[in-house]
2 protein chains.
Amino acid sequence: MTDQRIYNFNAGPAALPLPVLEEIQASFLNFKNSGMSITEISHRSSYFDEVINDAVTRTKRLLKLDDRYHVLFIQGGASMQFAMIPMNLLSPNDTADYINTGTWSTKAIKEAQLLGKSIDVVASSEDKNFSYIPKDISFNKGAKFVHLTSNNTIKGTQFYEFPDTGGIPIIADMSSDIFSKPLDMEKFGMVYAGAQKNLGPSGTCMVIIRKDMLDSANEDLPSMLKYSTYSSKNSMYNTPPCFGIYTIDLVLKWIEEEMGGMKKIEEYNVQKADVLYDLIDASSFYSATAEKYSRSLMNVTFRLPSEKLEQDFVERATQHGLGGLKGHRSVGGCRASIYNAATMESMYALVEFMESFEKENK
Amino acid sequence: MTDQRIYNFNAGPAALPLPVLEEIQASFLNFKNSGMSITEISHRSSYFDEVINDAVTRTKRLLKLDDRYHVLFIQGGASMQFAMIPMNLLSPNDTADYINTGTWSTKAIKEAQLLGKSIDVVASSEDKNFSYIPKDISFNKGAKFVHLTSNNTIKGTQFYEFPDTGGIPIIADMSSDIFSKPLDMEKFGMVYAGAQKNLGPSGTCMVIIRKDMLDSANEDLPSMLKYSTYSSKNSMYNTPPCFGIYTIDLVLKWIEEEMGGMKKIEEYNVQKADVLYDLIDASSFYSATAEKYSRSLMNVTFRLPSEKLEQDFVERATQHGLGGLKGHRSVGGCRASIYNAATMESMYALVEFMESFEKENK
């Protein structure tokens, strides 16, 4: 950490690996000896072909994807996917099952309903303010897919195991935990993630979709809203978000070459979260908001004894160079978002601050 | 120009002003003393509020927009607008007039037709391979809007004057000439532009829309495809493409503070194009492809006596540090894209090279 940089616990856009930022900075006026910035290079050039192909190849290698999977880059964030999924994958006679675990799941459900699609909310944790992940869910046998949010950024919960759907393909919004641990894609027909948490800057959404899902998709849609437009043109039917894809490629390279791949990064993420949860569990001053066996390794949500103390905590932390600790405006409290790029050093800095704040205010 | 940078004549993504790139580079690890990169900052922070509000304010000031106009930032490029325009602005009983001046107009027409909307192509220059801008067009009295492409990147033509539509609002795709000259918005209900030519990196589309168009728009659409979602939330219903909006803001600041505003930049653009067209008009070796009174100040398209010479020309130019001179793959020939960020220095370098290439190969 340089003396000018803070410990960044933002929920998204979030911290990026410092070596990635440094590489972008160093080559910003002259990308790979092209004499141009990455932002000035044609997406039809061999320079950019190499970038996008490398990002796709690394994704497939890291997540062990076989040839059935297409890796696409689409604009509009996960929110655009909330609409594109039912538009593409639900025909008039199809139905789909949705699991509701918080704000983002609720939005995905709302968009499918807005489109007049037939969906069934088969499980919800709304009864306890979304503080847990539902278990033992019964699915509708004929459902085309099961939609879920793998990690709930706002409520601080996460699926540790994915439900047994009896073979119905799962579609998962993994915006806040993609590439944080190995992924067994066998259960999934599609996975998608807005880049701005674990992957890169905002403005690019990674979509991984299995061939059989693509093959059954509706084709009578506007070009930019059809998955086949992206899969048939390597995400370059029109000009893609080049800077975003470039940054994603560098982050994936960092995961592979600096962090040692998916298993290593999972270990690191578990260690980081443990440091924080251990302190919270041992304390009577801080309390975790999520049910213990559902809590997120990415977004650690906690409360202090009063709202006044929470305000003071966030303010004082900011003064100490610890940023982004305020909970989401819809739920209050505090939240430390500790995605892949958060370092163990930042965890120790946070824990040290939390301990001294507790002593002073108990 | 530094010794590492080339003269960049790419059609898009295209050259950006060097001072803008330098400012991004210098502050890339620490934006405005936040201790974070611009790519790591929350879009809900005061840091980003300042960026997006400054971009909107500068747009309004530069284009002299009154309070009726909303400035929005939407993802998906102009191609997404080809669908969003008819989805939002054409109800079942509405019709719209489209002018076809090339590849992009054709795509806009196709998307409206795909959606089953009632549109009429009231003029086309397809009879002469889109080498001119149609004149004396008759419009349908009840049309909801007239759609046109103000500058045709691929064919090298540009509207100098916009048609008299008898009060029907014009919707213009200005992706390749927005902010290249002053704009009289009185004729327009909406103007839009993918950023990657005159404005910033790819992945952000600027949409300027008049209140009465917004007020009459369809509301039963997916959230991310409705203009009102963007206008009611200052383009931040979900995470916007922050890096793109930031770069656009810096480009607008550069236009205002370094280049002296819209009139000055228009003068500069006219001078730059004149240098090139003067050489082409005086030469029997180079020939312009667009009709003289329709030709573009942004994309200068020209041919050499043979395809072999054109290939040699592009190759040799690249070796001389002049990049991006190959014509669009759909039409061949040569093209110099000279948007706002192209310098007079780059024009002189190109003209010098063209003169010596002509001498050697005549």
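Residues numbered from 1 in each chain as written. Chains lettered and ligands numbered in written order. Predicted model: local features only at pLDDT ≥ 70, side-chain atom pairs only at ≥ 80, totals over all residues. Heavy atoms only, no water.

Side note on the sheet that holds strand 2 (residues 69-74) of chain A
Residue and element names in this part refer to chain A.
Here is step 1 of the chain: Strand order in the open sheet formed by seven strands is 2-10-9-8-5-3-4, with mixed pairing between adjacent strands. Sheet topology places strand 2 and strand 4 (118-124) at the edges, where each strand pairs with a single neighbour. On average, each strand axis in the sheet is inclined to that of its neighbour by 20 degrees, with strand direction left out of account.
Here is step 2 of the chain: On top of the sheet, helix 3 (residues 77-89) reaches strand 2, strand 3 (95-100), strand 5 (146-149), strand 8 (170-173), strand 9 (188-194) and strand 10 (205-210); it is set at about 155 degrees to strand 9, its chief contact.
Here is step 3 of the chain: In the packing of helix 4 (residues 103-114) onto the sheet, contacts are made with strand 3, strand 4, strand 5 and strand 8, and the angle to strand 3 comes to roughly 155 degrees. (Pairing = 2+ DSSP bridges. Helix = DSSP H or I, 4+ residues; strand = E, 2+ residues; numbered from the N terminus. Axes fitted to C-alpha atoms, helices over the stretch in contact; angles between N-to-C directions. Contact = heavy atoms within 4.5 Å.)

Comments concerning the domain arrangement of chain A
Residues and elements named next belong to chain A.
Here is step 1 of the chain: By the assigned domains, chain A splits into domain 1 (22-258) and domain 2 (261-361).
Here is step 2 of the chain: The C-alpha centroid of domain 2 is placed 27 Å from the C-alpha centroid of domain 1.
Here is step 3 of the chain: The interface of domain 1 with domain 2 comprises 25 residues on the first partner and 25 residues on the second.
Here is step 4 of the chain: At the surface where domain 1 touches domain 2, the tally comes to zero salt bridges.
Here is step 5 of the chain: Our enumeration of links across domain 1 and domain 2 arrives at 13 residue pairs in polar contact (both at pLDDT 80 or more).
Here is step 6 of the chain: Elements that contribute at least two residues to the side of domain 1 that touches domain 2 include exactly strand 6 (151-152), strand 7 (157-158) and helix 7 (242-258).
Here is step 7 of the chain: Examining the composition of the side of domain 1 that touches domain 2, we find that three residues originate from one element, helix 7, more than from any other. (Domains from an automatic or database assignment. Salt bridge = Lys/Arg side-chain N within 4 Å of Asp/Glu carboxyl O. Polar contact = N/O pair within 3.5 Å; in protein donor to acceptor, adjacent residues only side chain to side chain.)

Side note on the side chain of S235(B)
All names here are of chain B.
Here is step 1 of the chain: Within the secondary structure, S235 sits in the loop between helix 6 (227-232) and helix 7 (242-258).
Here is step 2 of the chain: You can call S235 buried: its relative accessible area is 3%.
Here is step 3 of the chain: Polar side-chain contacts of S235 include one of 2.9 Å to the backbone nitrogen of F73.
Here is step 4 of the chain: Beyond its immediate sequence surroundings of up to four residues, S235 is in contact with I52, V71, L72, F73, Y230 and P240. (Buried < 20%, exposed > 50% of the residue type's maximum accessible area, 1.4 Å probe, protein only.)

A few points about the pattern of salt bridges
Here is step 1 of the chain: Applying the stated rule across the entire model yields 38 salt bridges over all chains.
Here is step 2 of the chain: Of the charged contacts in the structure, one is a salt bridge between K292(B) and D281(B), with a shortest N-O distance of 3.9 Å. Of the two residues, K292(B) sits in the loop between strand 11 (287-288) and strand 12 (299-303) while D281(B) sits in helix 8 (residues 262-282), which places them eleven residues apart along the sequence.
Here is step 3 of the chain: The partner of K308(B) in a salt bridge is D312(B), with the nearest N and O atoms 2.9 Å apart. Pair noted here: K308(B) and D312(B) are both in helix 9 (residues 307-319), with a separation of four residues, about one helical turn.
Here is step 4 of the chain: It is possible to trace a salt-bridge network through shared partners that takes in D54(A), R58(A), R61(A), D249(A), E256(A) and E257(A).

Focus: the packing of aromatic side chains
Here is step 1 of the chain: Under the definition given, this model contains 34 aromatic pairs over all chains.
Here is step 2 of the chain: Ring geometry for F28(A) versus F28(B): centroids 6.5 Å apart, planes at 15 degrees, classification stacked. Residue F28(A) is found in the loop between helix 1 (18-26) and helix 2 (46-62), and its partner F28(B) is found in the loop between helix 1 (18-26) and helix 2 (46-62); the two belong to separate chains.
Here is step 3 of the chain: By relative accessible area, F28(A) is classed as buried at 1%.
Here is step 4 of the chain: Note on F31(A) and Y246(A): the rings are 5.4 Å apart at their centroids and 90 degrees apart in plane angle, and the pair reads as edge-to-face. In this pair, F31(A) sits in the loop between helix 1 and helix 2 while Y246(A) sits in helix 7, placing the two residues 215 residues apart along the sequence. For the pair shown, F31(A) and Y246(A) are each scored as buried.
Here is step 5 of the chain: Three or more aromatic residues link up through ring pairs in this structure, and these residues are F28(A), F31(A), Y47(A), F243(A), Y246(A), F28(B), F31(B), Y47(B), F243(B) and Y246(B). (Phe/Tyr/Trp six-rings, centres within 6.5 Å; stacked < 30°, edge-to-face > 60°.)

Some remarks on unusual backbone geometry
Here is step 1 of the chain: Residue G12(A) is joined to P13(A) through a cis peptide bond whose omega torsion reads -10 degrees.
Here is step 2 of the chain: For P13(A), the location among the structural elements is in the loop between strand 1 (7-8) and helix 1.
Here is step 3 of the chain: Phi at F130(B) takes a positive value of approximately 60 degrees, unusual for a residue other than glycine.
Here is step 4 of the chain: With respect to the helices and strands, the residue F130(B) is situated in the loop between strand 4 (118-124) and strand 5 (146-149).
Here is step 5 of the chain: Take F130(B): its relative accessible area is 8%, and that puts it in the buried class.

Some words on the interface of chain B and chain A
Here is step 1 of the chain: Taken together, the contact pairs 58 residues of chain B with 58 residues of chain A.
Here is step 2 of the chain: Here chain B meets chain A over a buried area of about 4,800 Å², counting both sides, of which 56% is carbon and sulfur.
Here is step 3 of the chain: In terms of surface lost to chain A, no three residues of chain B exceed Q25(B), L29(B) and E40(B), which account for 14% of the buried area on that side.
Here is step 4 of the chain: At the boundary of chain B with chain A, the tally comes to two salt bridges.
Here is step 5 of the chain: Linking chain B to chain A there are 25 residue pairs in polar contact (both at pLDDT 80 or more).
Here is step 6 of the chain: Among the secondary structure elements, those contributing two or more residues to the side of chain B that touches chain A are helix 1, helix 3 (77-89), helix 4 (103-114) and helix 7 of chain B.
Here is step 7 of the chain: In terms of residues, the side of chain B that touches chain A owes the most to one element, helix 1 of chain B, which gives six residues.
Here is step 8 of the chain: Its residues assigned to classes, the side of chain B that touches chain A comprises 27 nonpolar, 23 polar and eight charged. (Buried area = accessible area lost by both parts, 1.4 Å probe. Nonpolar A, V, L, I, M, F, W, Y, C, P; charged D, E, K, R; others polar.)

Comments concerning the nonpolar core
Here is step 1 of the chain: In this structure, F179(A), M206(A), F179(B), M206(B) and I208(B) are the most contacted members of the largest nonpolar core, which totals 120 residues.
Here is step 2 of the chain: F179(B) has contacts with T59(B), L62(B), L63(B), L199(B), M206(B), L252(B), I255(B), M262(B), I265(B) and N340(B), leaving out every residue within four places of it along the chain. (Core = buried A, V, L, I, M, F, W, Y, C linked by side-chain atoms within 4.5 Å.)

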